[in-house]
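Geometric and topological summary
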Amino acid sequence: MCTTCGCNGAVSHQHGHHPHASHDHEDQARILQVEQNILSKNDQYAATNRQMLSDHKVAAFNLVSSPGSGKTTLLVKTIQRLKDAARIAVIEGDQQTELDAQRIRETGVSAQQINTGKGCHLDAHQVGHALEHWSLDELDIIYIENVGNLVCPAAFDLGEAARVVVLSVTEGEDKPLKYPDMFYASDLMLINKIDLLPYLDFDVEKSIEYARRINPDIQVLQVSAKTGQGMDAWIQWCRQTKVSPARATVIPGEFVCNTAS
Ligand SMILES: Nc1nc2c(ncn2[C@@H]2O[C@H](COP(=O)(O)OP(=O)(O)O)[C@@H](O)[C@H]2O)c(=O)[nH]1
Ligand SMILES: [Mg+2]
C-alpha cells in the first residue's frame, strides 16, 4: 500500500491521472482524512525521534533522491573519510534486499536495513525502531538513506536534523521543477556525479536556479562521490550541523560531533 494516499492497488486508483468522475466528494474527503491521520501520526513519531536524537547530540541526515543518484556510493565514501572523526551509523531504506546495508557494513560501521516492501518511503515509526538498535550516546551521526523516490519521502519527516536531496547530473536539471515538494522540503541539494559533466549537457547553474525558485534557502554543494571532488565541503557541512529539537539548524562554523576534532 502507498501510505501517502492509502491506495493499495486493489481499487482502481492511479496518482494524478485517474478520471475525476471516478471519485465523488465523499471519497475525496475520506482520502484527505486518511492522509491527514497518517501524516499527523508520522509527525508525532518524528518529533519523538528528533527529541531523542537531540538529547543524545546525534545529527541525523535524511538522504533522498531518485534511484541510482549515488546515495550509497556517497555514504560509503563519506564514512571512509569521516569515521575516524565521528561515530557513524546508517539506516538503509529499500523496498527489497540488504544489498545497500551490506555495502555500508563493509566500511566497518553498523547499518540497519529497513525493507519497506510495497511502501515507497521510510516513515518515522520505522526509523524509531531502527534507532532502538543502538546506544545513541555512542554515536555522533546517523545517515538515513531513504527509498529511491522523488515524491513520497517528501511528505514524511523522520526526525532528521537536516534533509539532503541528491541530484545526479545524469537526471537532468529540471528535476526541482518537476518534483518541487522534495526540493522545498530539503535543506541541501547535493549535485552528484559532476565527473560526468564534460560528457553531458546538464546545466548546473540552471539546476541551482530551479531549486532556489522552489526553495530560496536551499544550500547547494557539487560533488563526485567517484573522484572525491567536492567531498571536503560535504564532509564539512555534515560536521557543521547543529543538533536541536527543532528541524534544520545548519549553522556554519559550529561543530557538534561528540568526538569531532
Ligand atoms: N560517474 C559517477 N558514478 C557514480 C557516482 N556516484 C555513484 N555513481 C554510480 O551510480 C550508480 C548508482 O549508485 P548508488 O550509490 O547505488 O545509487 P543509489 O541508488 O542512490 O544508492 C553506481 O553505478 C555508482 O557507481 C559519481 O559521483 N560519479
Ligand atoms: Mg542505495
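Above this text you will find the structure in question.
This text gives an overview of the structure that appears in the document. Small disclaimer: the values here were computed from a predicted structure and weren't measured.

The rules behind each value
- Along each chain, the written sequence defines residue order, and numbers are assigned to residues from 1.
- Naming scheme: in the order in which they are written, chains are lettered from A and ligands are numbered from 1.
- Only residues with pLDDT of at least 70 get local features here, since the model is predicted, and only at 80 or more are side-chain atom pairs given and counted; chain-wide, interface and lining totals rely on the full set of residues.
- Hydrogens and waters are ignored; side-chain quantities use all the structure's heavy atoms.
- Coordination here is defined by N, O and S atoms within 2.8 Å of the metal (3.2 Å for Na, K and Ca), and since water is not considered, a site can look incomplete.
- The numbering of helices and of strands both runs from the N terminus, where a helix is a DSSP run of H or I of at least 4 residues and a strand a run of E of at least 2.
- Throughout, exposure labels follow a simple rule: accessible area from a 1.4 Å probe, protein chains only, divided by the maximum for the residue type, with under 20% read as buried, over 50% as exposed, and the rest as partly exposed.
- Strand pairing is assigned whenever DSSP detects at least two bridges linking the two strands.
- We call a set of buried Ala, Val, Leu, Ile, Met, Phe, Trp, Tyr and Cys residues a nonpolar core when their side-chain atoms join them within 4.5 Å.
- For this analysis, residues touch if any pair of their heavy atoms sits within 4.5 Å.
- Orientation is described by axes fitted as lines to C-alpha atoms, over the contacting stretch for helices, and by angles from 0 to 180 degrees between their N-to-C directions.
- Being near a molecule or strand, for a residue, comes down to having at least one heavy atom within 4 Å of it.
- The definition of a polar contact used here is a pair of N or O atoms within 3.5 Å, where within protein one atom must be able to donate a hydrogen and the other to accept one, and adjacent residues in sequence count solely through side-chain atom pairs.
- Where accessible areas are quoted, they stem from the Shrake-Rupley method and a 1.4 Å probe; at the residue level, only the protein chains shown are allowed to cover.

Our focus in this paragraph is the coordination of the magnesium ion (ligand 2). Surrounding the magnesium ion (ligand 2) are the protein donor atoms Thr72 (OG1), Asp100 (OD) and Glu145 (OE), at 2.1 Å. Look at where the donors of the magnesium ion (ligand 2) fall in the sequence and you get T-x27-D-x44-E. Residue Thr72 is found in helix 2 (residues 71–82), and its partner Glu145 is found in strand 4 (residues 141–145); the two are separated by 73 residues along the sequence. Look at Thr72 and you get buried, because its relative accessible area is 4%. The class of Glu145 is buried, set by a relative accessible area of 3%.

Along strand 1 (residues 59–64), six of the six residues are buried, which leaves the element largely enclosed by surrounding structure. Burial of the side chains of strand 1 extends over both faces: Ala59, Phe61 and Leu63 are buried on one face and Ala60, Asn62 and Val64 on the other. Sheet analysis places strand 1 next to strand 4, joined by five bridges and oriented parallel. Each bridged residue has a counterpart across the sheet, and for Ala59 the counterpart in strand 4 is Ile141. As defined by bridge partners, strand 1 adjoins strand 5 (residues 162–168) across four bridges and the pair is classed as parallel.

A word on the nonpolar core. Soluble globular proteins tend to pack their nonpolar side chains together in the buried interior. With 31 residues, the main nonpolar core has Tyr143 and Trp234 as its most contacted residues. Of all elements in the fold, only strand 1, helix 2, strand 2 (88–94), helix 3 (99–105), strand 4, strand 5, strand 6 (188–192) and helix 8 (231–240) reach the threshold of two or more residues within this core. For Trp234, the residues in contact, after removing those within four places along its chain, are Leu74, Thr78, Tyr143, Val164, Leu188, Leu190, Leu221 and Val223.

Okay, the sheet that holds strand 3 (residues 110–115) next. What the seven strands build is an open sheet, ordered 3-2-4-1-5-6-7; its pairing is parallel. One side of each edge strand has no neighbouring strand; the edge strands of this open sheet are strand 3 and strand 7 (219–222). Averaged over all neighbouring strand pairs, the angle between strand axes comes to 20°, with direction disregarded. Pairing geometry for strand 6 and strand 7, over four bridges, is parallel. In the sheet register, Met189 faces strand 7, and the bridge partner there is Val220.

Let us now look at the site of ligand 1. Residues in contact with ligand 1 amount to 16 residues; listed here are only the nearest, Gly68, Lys71, Thr72, Thr73 and Asp195. Between ligand 1 and the protein, one listed contact pairs a nitrogen atom with a side-chain N or O atom of Asp195 at 2.7 Å. Note that an oxygen atom of ligand 1 is positioned 3.2 Å from one of the backbone N or O atoms of Lys226. Protein burial of ligand 1: of its 580 Å² of free accessible surface, 72% is covered by the chains.

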